[in-house]
Amino acid sequence: MRKPLVSTLAAALFGAAALAGIAAAPAVAADHGKGTPSFEGTVALSNCSGSVVKLKHSKPSDPALVLSNGHCLQEGMPGAGEVVVDKKTSRDFTLLNADGSDAGKIHSDKIAYATMTDTDISLYETTSTYKEIKKKYGIDALKLDAKHPRQGRDITVVSGYWKETFSCAVDGFAHRLKEADWTWKDSIRYTMACQTKGGTSGSPVIDDRTGKVVGVNNTHNEDGERCTLNNPCEVDKSGKVTVRYLNAYGQQTYLINSCFGRGNQLDLDARRCALPEPAK
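Caption draft 1: Broad picture of unusual backbone geometry. Phi at Asp-118 is positive, roughly 70°, even though this residue is not glycine. The residue Asp-118 is located in the loop between strand S5 (102-115) and strand S6 (121-129) in this model. Looking at Asp-118, the relative accessible area reads 24%, which means it is partly exposed. With a phi angle near 60°, Asn-264 is a residue other than glycine that sits in the positive phi range. Looking at the secondary structure, you find Asn-264 in the segment after strand S15 (248-252).

Shown next, in the form of structure tokens:
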């Protein structure tokens, strides 16, 4: 996660350098071999990455959902304890083909859900159905795994912003991951091969074996500092703090499946839904 370089671009946390025009044009990723997920279904935001995702009970006629980070919101990052639900917005996403080329634009006029409490996610409801996206662009949505990710599994972080992939494995899970004012639960810790960078926030974390999304990339420890902005630390069940310099992390996404019902509509009162609710 990165602080925005320009105050008026408050949502550009992790991709601020790119938004400010400092970065060069995204380079197309090299082929990392059979089993590496393609870019199909991923999207580029103005400041981050994301993906069009299909939930366990999603139907072709349902409005498609775009998954990214809570800290990637144009409106600014949610504060600790804040939950955004059914908020009007206007945002375009560049949809990518399997080879990383631009397929076209899809649009959202609503943030279905976003938070940086317990997790770091945003889900946009688009104005297109899965069926319409398939018909117009020939692109299928990525499937969101309904199961907890497994330690040791090979994963790929697929950045639509950079059109680049990062391949590694699930090293383990952080009981609590703290960064500045925010705390995330049961975060995915990558092996060191995944050295993510600004603009990769919101990228889907894909299990290479199943091809399903098991997480969303969100941060890494940049300077070796303890629990500060851009320097997350791990806190175990006994309260012991561990700093892992240059380690990158993602947030699990299987919990999302239980919180959306028919028509891809948010239902935080649903049985087994464990996502944070807005303050009453």
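Now that the structure is up, let's keep going.
Caption draft 2: View of empty space enclosed by the protein. According to the stated counting rule, one finds one cavity of 30 Å³ or more in the structure shown. The calculated volume of the largest cavity comes to roughly 40 Å³. Lining the largest cavity we find Leu-55, Lys-56, His-57, Ser-58, Asp-62, Asn-257, Phe-260, Gly-261 and Asn-264. Counted by class, the lining of the largest cavity contains two nonpolar, five polar and two charged residues.

Caption draft 3: Local environment of the pattern of salt bridges. This structure, assessed with the given rule, holds ten salt bridges. The closest approach of N and O atoms between Asp-118 and Lys-185, which form a salt bridge, is 3.7 Å. With Asp-118 in the loop between S5 and S6 and Lys-185 in strand S10 (residues 182-190), this pair connects stretches of sequence that are 67 residues apart. Between Arg-189 and Asp-171 there is a salt bridge whose closest N-O contact spans 2.9 Å. Highlighted residues: Arg-189 in strand S10 and Asp-171 in strand S9 (residues 164-179), separated in sequence by 18 residues. A relative accessible area of 8% places Arg-189 in the buried class. Here Asp-171 falls in the partly exposed class, since its relative accessible area comes to 31%.

Caption draft 4: A look at helix H2 (residues 130-137). Among the residues making up H2, those that are buried are Tyr-130, Ile-133 and Tyr-137. Looking straight down H2, one finds its buried side chains confined to an arc of 65°; they lie on one side. Opposite its buried face, H2 presents the exposed residues Lys-131, Lys-135 and Lys-136, each directed more than 90 degrees away. Among the structural elements, strand S2 (49-54), strand S3 (63-68), strand S4 (83-96), S5 and S6 are those in contact with the buried residues of H2. Trailing H2 by a residue or two, Gly-138 shows a phi angle of about 70°, which is positive.

Caption draft 5: Molecular detail of the environment of Leu-96. Inspection of the secondary structure puts Leu-96 in strand S4. With 45 residues separating them along the chain, Leu-96 and Ser-51 place their C-alpha atoms 9.2 Å apart. Once residues within four sequence positions are removed from consideration, Leu-96 is found in contact with Phe-39, Glu-40, Gly-41, Thr-42, Ser-101, Asp-102, Ala-103, Ile-139, Gly-160 and Lys-163.

Caption draft 6: View of the layout of surface pockets. Quantified by volume, the largest pocket comes out at close to 370 Å³. In terms of lining residues, the largest pocket is bounded by 15 residues, among which Lys-56, His-57, Asn-257, Ser-258 and Phe-260 are the most central. When the residues that make up the lining of the largest pocket are grouped by side-chain class, the tally is four nonpolar, five polar and six charged.

Caption draft 7: Focus on the nonpolar core. Counting 43 residues, the largest nonpolar core has Val-52, Leu-67 and Phe-260 as the members making the most contacts within it. At the level of elements, S2, S3, S4, S5, S6, H2 and strand S12 (213-220) are the ones that each hand at least two residues to this core. Among the nonpolar cores identified, the runner-up in size contains eleven residues, and Val-157, Tyr-190, Cys-194 and Ala-248 belong to it.

Criteria and thresholds
- Residues numbered from 1 in each chain as written.
- Predicted model: local features only at pLDDT ≥ 70, side-chain atom pairs only at ≥ 80, totals over all residues.
- Heavy atoms only, no water.
- Helix = DSSP H or I, 4+ residues; strand = E, 2+ residues; numbered from the N terminus.
- Buried < 20%, exposed > 50% of the residue type's maximum accessible area, 1.4 Å probe, protein only.
- 1 Å grid on protein atoms, 1.4 Å probe; cavity = no way out; pocket = protein on both sides within 12 Å on 5 of 7 lines; lining within 4 Å.
- Points joined across faces, edges and corners; volume = space filled by probe spheres on them.
- Nonpolar A, V, L, I, M, F, W, Y, C, P; charged D, E, K, R; others polar.
- Salt bridge = Lys/Arg side-chain N within 4 Å of Asp/Glu carboxyl O.
- Arc of directions from axis to C-beta.
- Contact = heavy atoms within 4.5 Å.
- Core = buried A, V, L, I, M, F, W, Y, C linked by side-chain atoms within 4.5 Å.

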